[in-house]
Every structure is written in structure tokens, then in C-alpha cells.
Amino acid sequence: MGLLSDPHCRRALSRLVLRLNTPLCALSYVAGLGWFLALAFQPLAPRTYMSENAMGSTMVEEQFLFGERALSYAREFAGHKKKAGGTPVAWLEKTMWNLGLEVHRQPFSRTLPFPDETRERYMVKGTNVYGVLRAPRAASTEALVLSAPCSEGPRNNQAVGLMLALASYFRGQIYWAKDIIFLVNEHDLLGMEAWLEAYHDVNITEVRSSGMLGRAGAIQAAISLELSSDVVTSFDVAVEGLNGQLPNLDLLNLFHAFCQKNGLLCTIQGKRSDWDSLPAYAHSLQTLLLMVLAQASGRPRGDHGLFLRYRIEAITLRGINSFRQYKYDMTTVGKTLEGMFRKLNNLLERLHQSYFFYLLPSLSRFVSIGVYMPAFGFLILVLVLKALDLWMKLSKCEAGSAERLWDGDRAAGEDARPGTLALVPPLLICHAAGLALYFLPVLGQRVATQHFPVSESEAVVLTVIAIYVAGMALPHSTHRALAAGGGDRGWMALKLLALLSLAVQLGCLALLNFSLGFLLAATMVPAAAAAAPTGPRVLLAALLVLASPAVTLLLAIFLQRELVEAPASAAEGWQLFLAAVAEGLLQHHLYGSLLFPFLALGAYPCWLLFWNVLFWK
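Residues numbered from 1 in each chain as written. Predicted model: local features only at pLDDT ≥ 70, side-chain atom pairs only at ≥ 80, totals over all residues. Heavy atoms only, no water.

## Considerations on the overall build of the chain
Next up, step 1: Along the backbone of the chain there are 23 helices and eleven strands.
Next up, step 2: For 617 residues, the compact-globule formula gives about 25 Å, and the C-alpha radius of gyration of the chain, at 28 Å, lands near that figure.
Next up, step 3: When the backbone C-alpha atoms are referred to their principal axes, the chain occupies close to 95 × 60 × 45 Å.
Next up, step 4: A total of 617 residues make up the chain; the buried ones form 55% of that total. (Helix = DSSP H or I, 4+ residues; strand = E, 2+ residues; numbered from the N terminus. Rg over C-alpha atoms; globule rule 2.2 N^0.38 Å. Buried < 20%, exposed > 50% of the residue type's maximum accessible area, 1.4 Å probe, protein only.)

## Side note on a nonpolar patch on the surface
Next up, step 1: Residues Leu13, Leu16, Leu20 and Leu24 make up a contiguous nonpolar surface patch of roughly 300 Å² in combined accessible area.
Next up, step 2: Here Leu16 lies in helix α2 (residues 7–19). (Patch = residues over 30% accessible without salt bridge, like charges linked within 9 Å, V, L, I, M, F, W, Y side chains within 5 Å. Areas by Shrake-Rupley, 256 points an atom, 1.4 Å probe, with all protein chains shown as cover. Salt bridge = Lys/Arg side-chain N within 4 Å of Asp/Glu carboxyl O.)

## Regarding a positive patch on the surface
Next up, step 1: Judged by side-chain charge, Arg11, Arg15, Arg19 and Lys396 come together as a positively charged surface patch.
Next up, step 2: Take the positive patch: its biggest share by element is three residues, from α2.
Next up, step 3: Judged by relative accessible area, Lys396 falls into the exposed class, the value being 54%. (Lys, Arg positive; Asp, Glu negative; His and termini not counted. Charge placed at Lys NZ, Arg CZ, Asp CG, Glu CD.)

## Re the sheet that holds strand β9 (residues 313–320)
Next up, step 1: The nine strands lie next to each other as β5-β1-β2-β4-β3-β6-β9-β7-β8, forming an open sheet whose pairing is mixed. The sheet is open, and its two borders are formed by β5 (208–209) and β8 (266–268), each paired with just one other strand. (Pairing = 2+ DSSP bridges.)

## Things to note about the state of the cysteines
Next up, step 1: Under the counting rule described, the total for this entry stands at zero disulfides.
Next up, step 2: Lacking any disulfide linkage, Cys25 is separated from the closest cysteine sulfur, that of Cys606, by 16 Å.
Next up, step 3: Judged by its relative accessible area of 6%, Cys25 is buried.
Next up, step 4: Sulfur of Cys508: no disulfide; nearest cysteine sulfur belongs to Cys606 and is 12 Å away. (Disulfide = S-S within 2.5 Å.)

## Section: the pattern of salt bridges
Next up, step 1: Following the criterion strictly, the structure yields twelve salt bridges and no others.
Next up, step 2: Between Arg105 and Glu93 there is a salt bridge, with its nearest N and O atoms 2.7 Å apart. In this pair, Arg105 is assigned in strand β1 (residues 102–116) and Glu93 in helix α5 (residues 89–98), connecting sequence segments twelve residues apart.
Next up, step 3: When its relative accessible area of 40% is taken as the criterion, Arg105 is described as partly exposed.
Next up, step 4: A salt bridge links Arg134 to Asp179; the nearest nitrogen and oxygen atoms lie 3.2 Å apart. Residue Arg134 is found in the loop between β2 (121–133) and β3 (142–150), and its partner Asp179 is found in strand β4 (residues 179–186); the two are separated by 45 residues along the sequence.
Next up, step 5: You can call Arg134 partly exposed: its relative accessible area is 30%.
Next up, step 6: Of the residues examined, Asp179 reaches a relative accessible area of 0% and is grouped as buried.
Next up, step 7: Taken together, the shared-partner salt bridges connect Glu102, Arg134 and Asp179 into one network.

## Considerations on the packing of helix α6 (residues 157–171) against helix α11 (residues 330–345)
Next up, step 1: Relative to each other, α6 and α11 sit at 55°, their axes nearing to 11 Å. Overall, the two elements α6 and α11 adopt an arrangement that is oblique. In this structure, the crossing between α6 and α11 has a hand that is right-handed. When α6 is examined against α11, the residues Gln158, Leu162, Leu166, Tyr169 and Phe170 are found in contact with a partner set consisting of Met330, Val333, Gly334, Leu337, Glu338 and Phe341.
Next up, step 2: In terms of residue class, the contact of α6 with α11 is made up of eight nonpolar, two polar and one charged. (Axes fitted to C-alpha atoms, helices over the stretch in contact; angles between N-to-C directions. Parallel < 35°, antiparallel > 145°, perpendicular 65-115°, else oblique. Left-handed = near helix turned anticlockwise from the far one by under 90°. Contact = heavy atoms within 4.5 Å. Nonpolar A, V, L, I, M, F, W, Y, C, P; charged D, E, K, R; others polar.)

## Some remarks on the nonpolar core
It is characteristic of soluble globular proteins that their nonpolar side chains tend to be buried jointly.
Next up, step 1: Within the largest apolar cluster, 120 residues are counted, with the highest numbers of intra-cluster contacts made by Phe36, Ile181, Trp195, Phe307 and Phe610.
Next up, step 2: The element contributing the most residues to this core is helix α23 (residues 595–614), with 14 residues.
Next up, step 3: Excluding its chain neighbours within four sequence positions, the residues that come into contact with Phe610 are Lys495, Ala498, Leu499, Leu502, Ala528, Ala531 and Leu544.
Next up, step 4: Of all hydrophobic cores here, the second largest spans 70 residues; its members include Val160, Phe235, Leu252 and Cys259. (Core = buried A, V, L, I, M, F, W, Y, C linked by side-chain atoms within 4.5 Å.)

## A short note on α6
Next up, step 1: Along its 15 residues, α6 runs 21 Å from first to last C-alpha, staying within 8% of the 21 Å computed at 1.5 Å per residue.
Next up, step 2: Counting buried positions along α6 gives 14 out of 15 residues, so the element sits mostly inside the fold. (Expected span 1.5 Å × (residues − 1).)

## Describing the packing of aromatic side chains
Next up, step 1: Taken as a whole and assessed by the stated rule, the structure comprises 27 aromatic pairs.
Next up, step 2: Taken together, a centroid distance of 6.2 Å and an interplanar angle of 45° make the contact between Phe170 and Phe182 tilted. With a gap of twelve residues between them, Phe170 in helix α6 and Phe182 in strand β4 connect regions that are remote in the sequence. Each of the two residues, Phe170 as well as Phe182, counts as buried. (Phe/Tyr/Trp six-rings, centres within 6.5 Å; stacked < 30°, edge-to-face > 60°.)

## Let's talk about helix α14 (residues 424–443)
Every α-helix carries 3.6 residues per turn, so stepping three or four residues along brings you back to the same face.
Next up, step 1: With 20 residues, α14 extends 28 Å between its outermost C-alpha atoms, agreeing within 8% with the 28 Å of an ideal straight helix rising 1.5 Å per residue.
Next up, step 2: Where α14 bends most, at Leu437, the angle is about 30°, and the proline Pro441 comes one to four residues later.
Next up, step 3: What α14 keeps buried is the set Pro425, Pro426, Cys430, Ala433, Gly434, Leu437, Tyr438, Pro441 and Val442. (Bend = angle between axes of the 7 residues up to and from the residue.)

## Comments concerning the confidence of the model for the chain
Do not read the fine detail of predicted coordinates wherever pLDDT is low.
Next up, step 1: Summary statistics for the chain give a mean pLDDT of 87 and a share of 91% for residues scoring 70 or more.
Next up, step 2: Predicted confidence is poor over residues 411–418, with pLDDT under 50, and the contacts of this stretch with residues over four places away or in other chains come to 16 contacts. (pLDDT = per-residue confidence, 0-100.)

## Some details on the pairing of strand β7 (residues 234–238)
Next up, step 1: Counting buried positions over the five residues of β7 gives five, a clear majority of the element.
Next up, step 2: Here β7 shows a buried face lined by Ser234, Asp236 and Ala238 and a second buried face lined by Phe235 and Val237.
Next up, step 3: Pairing of β7 with β9, which is carried by five bridges, proceeds in the antiparallel orientation. Bridge pairing in β9 places Phe235 opposite Gly319.
Next up, step 4: Two strands pair when backbone bridges link them, and β7 and β8 are joined in this way by three bridges, in the parallel orientation.

## Some words on the side chain of Gln106
Next up, step 1: Inspection of the secondary structure puts Gln106 in strand β1.
Next up, step 2: Residue class for Gln106 comes out buried when judged on its relative accessible area of 0%.
Next up, step 3: Here the side chain of Gln106 touches Ala194 through a polar contact of 3.0 Å, landing on its backbone oxygen.
Next up, step 4: In this structure the side chain of Gln106 is engaged in a polar contact, spanning 3.3 Å, whose partner is the side chain of Ser209.
Next up, step 5: Apart from residues no more than four positions distant in its own chain, Gln106 is found in contact with Gly126, Thr127, Asn128, Ala194, Trp195, Ala198, Ser209 and Ser210. (Polar contact = N/O pair within 3.5 Å; in protein donor to acceptor, adjacent residues only side chain to side chain.)

## Things to note about the packing of α5 against α6
Angle between the axes and distance between the axes are the two parameters that describe a pair of packed helices.
Next up, step 1: The interhelical angle for the contact between α5 and α6, taken along N-to-C directions, is 25°, at an axis separation of 10 Å. Considered as vectors, α5 and α6 are oriented roughly parallel to each other. Along this stretch, α5 crosses α6, giving a crossing that reads as right-handed. In this structure, α5 contributes Trp91, Leu92, Thr95 and Met96 to the contact, and α6 contributes Val160, Met163 and Leu164.
Next up, step 2: A per-class count over the contact of α5 with α6 returns six nonpolar, one polar and no charged.

What follows is the structure, given as C-alpha cells:
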């Protein structure tokens, strides 16, 4: 502080920042990317460990032997589902009642903002069925949930069968201190959202449902089960929830510990843990990138993702049946779930000891927030350095104007003054374009279908693209209002505001969803720093277009397909892009996903400000 109070030191520091600004920005950006790529190295990713004392050991003797009964339930469920053309509500109620559970049903309905063509639905109606096993040794103040989505076709029948077999086994045990809820939800995420809203007596997403007739205690943890075959070769665990939320790391550690105890092969992002071979770094980096892309999408990767909104730790377990030699039957899978529930039954308080913010290069290793956040900090430093550079240049211009005014050259001083009003038109128009991008696609779908031969969902997606592209013509519309913009000082002031706005937006976003903030920073920061009306305008325009949020989404789709070793052609990538846009809007209106509103109301208007800077006259 003493050095900064000295005017000579401040002057020397400002000269240093001005002279070395570009090298410092380049060095900071490379350091940020390098730090992120280094996260997959073993020294930066320590082994996972159990932090919760109540779950610190897997020394429980699992006694579940109802594997054949689970397959019998699955076959019965499949037959009744086929006969009913949907969830066999009456059969589920009768079966759960015979097992000694307290059974309830919950009808629900939801009208989508526009038809979901991938699933061919618009007005969705369904019924959730759940049974409550009351704890014999407690007063129903806490509960655990085991759910199995009732999917269309033959999918997930085995999950429902195993859930019923576990309910039958759990009913005969006397050590339960928490209620256990066995839930079969229809229409996947829609049914789960309806059940959670009714259970907690809230209405967040306008789902219409009957009141909840039966409740248990406060839900401490939940596991969603997805099984579609009689045997499994591995279990894949999904952790990413709505808006990038993650469960407490201890719940994942518990699953991994019991998989190791029972000899089950477990994966994450479809990848095994492999740290001992030569390509171990590439393998862990691939897993890390897949998690970053999944978290950045903001989409729940399973029914568990909606529990996290209610501060309920949850994961989704997917049974995989591939061509591997070793296969595991329902008894082994049931023992793993039994062990997990017995450990969760021992909890004295909610899971809170371990991490809530982390990245996973494998199931056995993790990267904590204190290790991965500097990578993002280096990228944001580029914006801060550029903003500091512009502020110093503007300060020099102010000093020069003041000297000319002191010398009597008032006219020259007024010409050099940029005028704050000159910045108002681009700011208003860019944010108005963001508001139009957010509201018009859904509101104007009926008008579009009346005038063009397209469906409602196609009209919504095409309207988004049309408004997005139309925004690129905004500089030509605002130049008339900017005729007295003050020359270089005008675009420098506008870019300073845009840089500060982008830095604040990305900084706040990274605290909630690091992956999305980092991906946007990695693409937008170089173009934002380089944007200026002086220089090779065509090259800078191409760089800025490549850094736009829409192109970032398109490139992320191609990257994800490459990482899962299923590369997409240009035509297939474009179709996936259109589907992702439609899915993003649906996720926002149905579940409250923040990805689309952030891009439309935050990132896109900010990108348009840099586009205005580039074409400043």
C-alpha cells in the first residue's frame, strides 16, 4: 500500500502495465489453460477418502439373497406395463401393499411450452406410485429414497424388480432408523419434479398434481436406479445435477467403496479408473473433460439431479451390460445397494463433511475447488489487465483534455470528450436483443407456424437462430446514434464496460457452475481482449464469431462426440446443435435450468457489445 501511495511508483507501474499488457495477457491465458490441463496429473488429484465418520467403514454383512425374486418381479412388471400401455399403477399398489408398505399414488400433468418432438409429447399426464417403509426404531423424522423411473418400452424393468425385492428384504429388518421411500416415477424427470414439489409442498415449475397424501421424514439422501438387463458388467454413476450442482463427495465415495467390496466394476462418464499405464494422463483428461462438458450443459444426467435443488444428496446408478467377460447378477447388485442404505441409515446429520465442489478425473481421485479455481482466475486476469490498460489510456486522454481546456482550447476539449450518452444506444440495443432472444421464441411460435410451414418446436428453434444472427447487424443500426462518439475514446469506454461486465458475469457463474464459466472464458476471453476497430477487422470478426456462445455450444457438441469415440459429421453435428437449443429451452421452462437465460440475457448481449466495438466508426 505504501508503494501505491507514491505517485512515482504508480506512474512507473502504469507504464509497465501499458508496455507489457499484451505479453502479460497472453502469458495469463496460456497459464490458465495449462493449469486446467495439469489437473489430470496425479499429483494435483489426490485419492478420495471418506470424511463422514458414520460411513467410514464398509464392515456390514450384506445378506440380500433375493436376486431371483427381483427378476420375477421384473417380468411381472414388464407384462403388466405392456398390458396397461404405461405404468401399471394398480399392480404396483397391490404389490407394495402385499410387501407391507404404506402405499400412495400421485397423478400429475404438465403442459409443455412447445411440443417435445424427440419424445413426441406436449400434454403430459402420468402417475407416480410410492411406498413408505416406516422406521421401527424412530419417529419418522428422517427418510431415504430409492427410485426407479418407469421408462417407455422394455427399459428399466429390472430396476423396478430389484427395488421391489429390496423393499421385501428391508421390510423384514429391524435396524432401520430412517423411513425408506420406494418410488416409481413416470415420465422420468417430469414425474420426479412433480413428486418432489408435492413432497415439499412447493410449486416451482407449474406442474399440476394432486396433494401429497403420505409423507415420511426429511429426506437425507436418494439413489436413482436404472437397470435394463438381468445381469450387469459394470455400474456407471452419474453425479451432475440441475445447473451443474453436485452431490456431497462422500455419497460417491460410499458407492465406490461398496463396489470395491463386492467386486463390482464401477465407472464414471463410462470410463474406468486407470492410473498405472502409460496413457493414464490422456485417459484421466478425457474423463475430466467429459465431466466438464456434462456439468456445463446444466442438464441433470439422471433423476437424482432434481433432488440436489432441495439440498438432498443423490446419485444415479446405471447398470451397463456390455461384452465384458465378467457379469454380475441381481444378488450382487442388491447387496451393494443394501450396504449403501445401511450406511446411510447410520447418519446422525446431513452429509456435509466432504466436498460439494469438485472435478473427477476418475472415481478414485478428485480435484477440489481450491486446486481448479486458479485456472479460471488466470483467464479472468486477462480481462482485468485489458480493462486496466483501457482505463489508464482513458485517464491520459482526460488529463490531456483538461490541459487543453486550461489553455483555452475549449472546443477541442469538447470534441475529445466521449459523452456518456454515446454509450447508451449500444448498451440498450444489445440488451434489448437479449430480451428478444429470451422471450420471443416461445411467445411467437403460433405466429410463426401460421405464416411458415414449420412445427411449433421448429419455429422456436428457428426464431432463436434468426434473432441471434440478426443481432450481428446491430452495429450498422447504432452508428447513427454514435456519430458524436468521441473517436477512439468512445470505443475504448464501451470496451471497458464490456470487459468489466464479462468479468463479473463469468466470475459469478464460475462460483455456481465452474465448468460453464471456464468453457465460456476459454473461448470468449481472447476475442474480447483483441476486439478493436483498429487492426485486421476481418480476422478479428472471424475470431469473435468463433468465440460467440452459439459457436461454443456447437464446438462443445463435436468435442463431446470425439471424447466418447463417436465422432459426428457436419450434418449430424448441426442436427445435434438444433436439438440442444430446443432441449435448453425446454429444460429452462420445465425445471428451471439457468443455461438458456444466462446465455440470452448475459453472455449474448455482452458479446454484442464487443461486436459493436469491432465495427465502431
